[in-house]
Amino acid sequence: MMMTSSSLSFELRRQHYMGRCPGRPVAAVGQGADSLLRQIIAGRQLTALFQPIIDLNRGQIFGFEGLIRGPVDGPLHSPLKLFEAAEAHDMREEIEHLCRRVTLESYKQQGLPGRLFLNVSPECLLSPGARSGETLNSIRALDIDPSRVVIELTENQPTFDFELMREAVRHYRAMGFSIAIDDLGQGFSSLRLWSELSPEFVKIDRHFVQGVDSDPIKRQFLRSIQEIARKSGTSVIAEGIETDGEMRHVGGSGIALGQGYFFARPLAIPRVDLPGEMQEKLRRGGAARRARGDARGATPRAMDVVRDVPVADVNATTEEVYAIFEQHPGLQSLPILLGDRPAGLISRITLIDRYARPYRRELYGRKSCTVIMDPQPLLVEAETSLQELSFLLAEGDQRHLADGFLVVGQGRYYGYGSGHDVVREITRMQIEAARHANPLTDLPGNVPLNERIDAWLIERPVFQACYCDLDNFKPFNDVYGYSRGDDLIKLLAFVLRTHCHPETDFIGHIGGDDFLVLFGSDDWEARCQRILADFAHRVGDFFSAVDRERGGYATENRQGERVFVPLTSLSLGVVHVECDRYGAYHQVAAAAAVAKKEAKKMPGNSIFIERRRMEGEMGDVRQDDARQN
């Protein structure tokens, strides 16, 4: 068969790439590995396991990662041993192809919901068999939609030829597959691969997830990765979630997808849904986690700063409590429970103080821990805002700030929180707000605005997006000066603040004289009319009496021609956002910009309202209302 020049070029670069991968591992199973591998291939002696990937906001299974195991009780049962042996005996490609076929067949046979993540090494991705569509042929034979399959790239060796990788990924995307990068933060070149390949998914290595609830550096890493992912249009999956505390903090970073033993272990026949209690917990926590990211405009809640700490029952002895503190050197306070309800709190300092006195350990050791327990700790409802919580800590007994507090939901224990965590979180919020605020108006800028839109698309069935823009603003700047131009922008910000509801609406300052208001208020249209009327009433003060009387002023346009410019007016373009028709903030912003352009076609203070029917990417547009004030 004759090769085309492009396929020949691909093949030459592939061989060059494969030849440059140094350090092939040596099989660790001793003699007979070659024979064992051939038996496995001939008898298809592999078992597919599936571990669910969870939508942390909706409490649903998003998809499954397909994993593989060799013959039970054999030396190649472990996937690490299996692939080391296959690499050492030049059978890596055959084993990988068999793994994919077995996984795809089991996935289809069980009718598993959601996406299937298939592990593929970059070496195998670049092989001639992969290029010829072997995986696609298997999928077609099983009648699986390629759009449900995600090629998950798992690095075992450094990637050298990124151009070749990009070409291979484009080839797979053309077939309908999505791309994921595994173990972000661990591999040889995972960050470079992310930049080069623009994958649909990245999976954060479990190292950065495990213990994240007690490690501020890991929490910052997750937030940073999520911010990069949001800007690049990539979905993040956190691997290795094993505790409730890790799950809460992963979600608190804005990451929407998670995987780990906390939800389920890999099984040959997995559950196709989560237990009802787990679903409800995730859905309830999803709203709280979005609040943590300042998604609603409300401050984070007490539930967002709880720690996953050990607890003890009221029947525990003081000596048992002492043993818990010894096992957890970083533990400052221990919640004491009566069933699922808080009974009190024991601080490390109180316990040590009691034990430090002569004979006190002998005296108290076998007694109930309630003898040294604070029976009246600070109890805080899970929905309490951090601002209110900080006030309670500042105004209350000093021991609450030192010992911490217990978070409850309907009287049941939810978790433990410390005063230090509250102070740190409020400081972070203030720094974050200042970092993303527009310096002229102190209103939120693009980053929090985009986050708010994405959150509302999840939380709300419908809302209004209103693009606000000043007409003839540049000529005003040229004639009256940039300082008066800044004052005019401040005026618009003041008018918007005056007529928008502080709790249900959100004002974002995009930049310059452009603002975007998200209306959650039912009376949003009346508010728009009041904004136009108030601005029209106040803007006259920015012009001379002569200009006010004649309704404008003379200036030169870009061509140097003398023209008459009307007084500055305000245009509002409103989009009715039904959340099942928009996928992300950029779609809402684009639709609002179109509505704004329509409003600016009308002279004077005006409003244009449109509703979009999303038939395709943007959909049919029909004008509902256009009015000039």
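Model, not experiment: these values are computed from the prediction. (Residues numbered from 1 in each chain as written. Predicted model: local features only at pLDDT ≥ 70, side-chain atom pairs only at ≥ 80, totals over all residues. Heavy atoms only, no water.)

Some points on unusual backbone geometry
A negative phi holds for most residues other than glycine; trans holds for most peptide bonds.
Part 1: In this model, D90 sits at a positive phi of 55°, which is unusual for a non-glycine residue.
Part 2: Within the fold, D90 resides in the loop between α3 (79–88) and α4 (92–110). (Helix = DSSP H or I, 4+ residues; strand = E, 2+ residues; numbered from the N terminus.)

Side note on the nonpolar core
Part 1: Formed by 64 residues in total, the largest nonpolar core has its most connected members in I204 and F263.
Part 2: Among the elements that line this core, the one with the most residues is α4, at 6 residues.
Part 3: If we skip the residues at most four places from it in the chain, F263 touches I54, L56, I241, M247, G258, M278 and L282.
Part 4: With 33 residues, the next largest nonpolar core counts L470, W524, I531 and Y553 among its residues. (Core = buried A, V, L, I, M, F, W, Y, C linked by side-chain atoms within 4.5 Å. Buried < 20%, exposed > 50% of the residue type's maximum accessible area, 1.4 Å probe, protein only. Contact = heavy atoms within 4.5 Å.)

A word on the packing of aromatic side chains
Part 1: Tallied over the full model, the rule gives 13 aromatic pairs.
Part 2: Judged by centre distance (4.9 Å) and plane angle (20°), the ring pair of F476 and Y480 falls under stacked. Of this pair, F476 and Y480 both sit in helix α20 (residues 473–480), 4 residues apart, roughly one helical turn.
Part 3: F476 gets classed as buried once you look at its relative accessible area, which sits at 0%.
Part 4: Look at F476 and F543: their rings are 5.3 Å apart centre to centre, the planes differ by 70°, and that puts the pair in the edge-to-face class. (Phe/Tyr/Trp six-rings, centres within 6.5 Å; stacked < 30°, edge-to-face > 60°.)

Overview of the pattern of salt bridges
Part 1: Applying the stated criterion to the full structure yields 27 salt bridges.
Part 2: In this structure, the salt-bridge partner of E239 is K203, at a minimum N-O distance of 3.4 Å. Pair noted here: E239 is in the loop between β7 (235–238) and α11 (244–252) and K203 is in strand β6 (residues 201–204), with a separation of 36 residues, a long-range link. Considered together, E239 and K203 belong to a single accessibility category, that of buried residues.
Part 3: Salt-bridge contacts for R538 lead to D534; the nearest nitrogen and oxygen are separated by 2.8 Å. Placement of the pair is R538 and D534 together in helix α22 (residues 524–539), with a separation of 4 residues, close to one helical turn.
Part 4: A single network of salt bridges, built from pairs that share partners, joins E65, E152, K203 and E239. (Salt bridge = Lys/Arg side-chain N within 4 Å of Asp/Glu carboxyl O.)

Some details on the environment of A85
Part 1: Relative to the assigned elements, A85 resides in helix α3.
Part 2: Each C-alpha atom, one on A85 and one on A33, is 6.4 Å from the other, the two residues being 52 residues apart in sequence.

A closer look at helix α14 (residues 348–356)
Part 1: The set of residues buried in α14 consists of R348, L351 and Y355. Seen along its axis, α14 keeps its buried residues to an arc of 70°; they face one direction. Residues of α14 that are exposed and angled more than 90 degrees away from the buried face: I349 and A356. (Arc of directions from axis to C-beta.)

A few points about the sheet that holds strand β11 (residues 341–347)
Part 1: The strand order across the open sheet built from 3 strands is β9-β10-β11, with neighbouring strands paired in mixed fashion. Strands at the two margins of the open sheet, each flanked by one partner only, are β9 (312–313) and β11.
Part 2: Here 6 bridges tie strand β10 (residues 333–338) to β11, and the two strands are oriented antiparallel to one another. The partner of L337 across the bridge, within β11, is P342. (Pairing = 2+ DSSP bridges.)

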